[in-house]
Amino acid sequence: MLNVNDKKKPSIKRDKVLKYANRELPEFPRNIAGLEEYSDNWNFESAAHLLRRTCFGPKLSEINQAITLGLNESIDKLLNEEEFTPDHPLNDRDDDENTPPIGETWVNILENKNNDFIQKKSYEAWRISLILNQPHQSPNNVPFSIREKMVLFWQNHFATEAIVVGDSRYTYWMNYRLRKHFIGNFKNLVKEINVDAAMLVYLGGIYNVKEAPNENYARELFELFTIGKGPVDGEDSYTYYTEEDIIQAAKVLTGWYVEDVFSGSERQRFEEENHDKTTKVFSEKFNNKSIQNNYEDEHKDLVDMIFENERTSEYICEKIYRWFVYYVIDEDVTSKIIKPLAKVLRDNNYEIKPVLSKLFRSQHFFEIHTRGAMIKSPSDFNLGVLRQIPFSDTSSFDFRDLYMFWRNRGYDISNQGQDLLDSPNVAGWPAYYQDPLYNELWINAVTLPMRTRDIITYFRDSGINATSGEPGAPEDVRIYAEPIKFLDEIEKPDDIDFMVELFCKWLFPVYSEISDEQKEEFKNIVVGNNPNMWYDEYHAYINNPTDEAKTAINKKLKTLLKEMCLMPENHLS
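Calculation criteria
- Residues numbered from 1 in each chain as written.
- Predicted model: local features only at pLDDT ≥ 70, side-chain atom pairs only at ≥ 80, totals over all residues.
- Heavy atoms only, no water.
- Axes fitted to C-alpha atoms, helices over the stretch in contact; angles between N-to-C directions.
- Helix = DSSP H or I, 4+ residues; strand = E, 2+ residues; numbered from the N terminus.
- Parallel < 35°, antiparallel > 145°, perpendicular 65-115°, else oblique.
- Left-handed = near helix turned anticlockwise from the far one by under 90°.
- Contact = heavy atoms within 4.5 Å.
- Nonpolar A, V, L, I, M, F, W, Y, C, P; charged D, E, K, R; others polar.
- Core = buried A, V, L, I, M, F, W, Y, C linked by side-chain atoms within 4.5 Å.
- Buried < 20%, exposed > 50% of the residue type's maximum accessible area, 1.4 Å probe, protein only.
- Phe/Tyr/Trp six-rings, centres within 6.5 Å; stacked < 30°, edge-to-face > 60°.
- Lys NZ or Arg CZ within 6 Å of the ring centre and 35° of its normal.
- Salt bridge = Lys/Arg side-chain N within 4 Å of Asp/Glu carboxyl O.

The geometry of helix 9 (residues 186-194) relative to helix 13 (residues 298-307) is characterised by a closest axis approach of 10 Å and an angle of 140° between their N-to-C directions. Of the possible angle classes, the one that applies to helix 9 and helix 13 is oblique. As for the relative orientation of helix 9 and helix 13, their crossing is right-handed in sense. Facing Phe 186, Lys 187, Val 190, Lys 191 and Asn 194 of helix 9, the residues of helix 13 in contact are His 299, Lys 300, Val 303, Asp 304 and Phe 307. By residue class, the composition of the contact of helix 9 with helix 13 is 4 nonpolar, 2 polar and 4 charged.

Following this line, the structure appears as structure tokens:
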């Protein structure tokens, strides 16, 4: 197998967009704050920062709800663990006789088709719909949720490629596991991933037998999923494990295979005759611990052993930090943030929720230098805009047209370097591990024009084409941006200065850096040289809401928001 350093080489070259990119990691200001509770003002900007980092494209209404709730109750809502099992993805366009009828799900079919490309795209559309349609309905009326951001975090952490797995049923049921444990127990989740069908296929676990142990998964279990590699510290030895430990772990993991002809999630099977029943002895890195034959539960003993090392708790806290706060982890961050968070994780038996709760309530999370310090991923950028801006009603649409709309957004994101079906490799997206660039890798001479193109498409007067092209479907089904709907929730909708200020605080992570001159330019997009134009047109519309007046008002708001979404600041989080 390739050395991990070889796998992590970025595939793009520096170009005119990246000429200002990091040559080395930037430094934090000295004396950063720690995990003490946030004590500064709780206002629109701090609420927007919290939701911008933990959700996809927070809406104005969601930010206002967070302000009303206050910091602590907002985080309680954000981390609500109420179980939510979404409807299954549907067959939206495959009418083959061996496939479930159009409109029914394919996730429980007994046998997979040889070519399940349509099912893969159905799954991708379904994933995007869940992101766009948050918050999901629940009895507790949760106004916002970290659920989808965490599901994507775990997908990146336990990275697989649907094209390699080759069966969308496996991909779906792995997502089901990640969704079930989205802020649950990390140790238990690792144990489930050990024998998950998608992972067993992806990293060759189905070929791991006592006669010929396959080391692929064992290697990634140590290096990428639990404890991390660390620098080389001897022959065939790294900071936290050795090559011999990988060999022994591979033996522990022998005997698992996947039952292909099966309906449902638990298709992993243990075959005792293919399992290595010898005692496995590990290196001094694990205190020369021995793991005896324990049949189908032996892989759990391996995880328990790995988690005895405190480095495992630190490693996952580092990944959480890079996902939600910033990519630079220096000595100061390690001592003030990572190690204390890791202790919280260990003290809570590896439950993730207490770690997130501590981090999001901390003074450090809200420090000004952490705001706007990250470049949005393609999913954050594209789907965030589509969540934030009101669009025309789609409740009467044929579900196939909605699936086409969602599927096309998957193409948008994939073209910008974040395929929701296929990670680049087992290490996940380079933006979360490749130093010194990290998330600067999202922007290059190819992806930046695509981001611009998509924003223009989302706001264009002709709308976004959502036609499925299937027999019997309407010839032209479109979805239109309707920011005029904002006027019902804005405190001073007739005051263009107030609206520009509000939109700047909403869309740009560091409002203080937006100059008066820039705000004046935004205002002039709407009013030109007549400062009273918006007030007059708004009240004329309210007094006589004709279709013509509505179109004119909506177009002005679309033009304003389009230009703001195209600003460099809107690429930041």
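Let's shift gears to the nonpolar core. Counting 170 residues, the largest nonpolar core has Phe 158 and Phe 360 as the members making the most contacts within it. The element contributing the most residues to this core is helix 20 (residues 496-507), with 8 residues. Setting aside its immediate chain neighbours within four residues, Phe 158 contacts Met 174, Leu 178, Phe 186, Leu 189, Val 190, Ile 193, Met 199 and Phe 225.

On to the packing of helix 21 (residues 516-527) against helix 23 (residues 547-565), then. For the pair helix 21 and helix 23, the least separation of the axes is 9 Å and the interaxial angle reads 155°. What the angle tells us is that helix 21 and helix 23 run roughly antiparallel. The handedness of the crossing between helix 21 and helix 23 comes out as right-handed. From helix 21, Phe 522, Ile 525 and Val 526 reach across to helix 23, where they touch Lys 556, Thr 559, Leu 560, Glu 563 and Met 564. The class makeup of the residues in the contact of helix 21 with helix 23 is 5 nonpolar, 1 polar and 2 charged.

Inspection of the entire model under this criterion finds 33 aromatic pairs. When the ring of Phe 186 is compared with that of Phe 307, the centres are 5.3 Å apart and the planes differ by 50°; the resulting orientation is tilted. In this pair, Phe 186 sits in helix 9 while Phe 307 sits in helix 13, placing the two residues 121 residues apart along the sequence. For the residue pair Phe 186 and Phe 307, the accessibility class agrees, reading buried in each case. A ring pair is formed by Tyr 326 and Tyr 327, whose centres lie 4.6 Å apart and whose planes are at 40°; its orientation type is tilted. The ring of Phe 56 is capped by Lys 149, whose NZ or CZ atom sits 5.1 Å from the centre of that ring.

Let's shift gears to the pattern of salt bridges. Per the counting criterion, the structure on display carries 41 salt bridges. Note that Glu 314 is salt-bridged to Arg 311, the shortest N-O span being 3.5 Å. Of this pair, Glu 314 and Arg 311 both sit in helix 14 (residues 310-324), 3 residues apart, which is roughly one turn of the helix. An identical accessibility class is assigned to Glu 314 and Arg 311; each is buried. Measuring nitrogen to oxygen at the nearest pair gives 3.0 Å for the salt bridge that ties Asp 398 to Arg 400. Its relative accessible area of 13% is what places Arg 400 among the buried residues. Among the charged side chains, a network of salt bridges with common partners joins Arg 177, Glu 192, Asp 196 and Glu 266.

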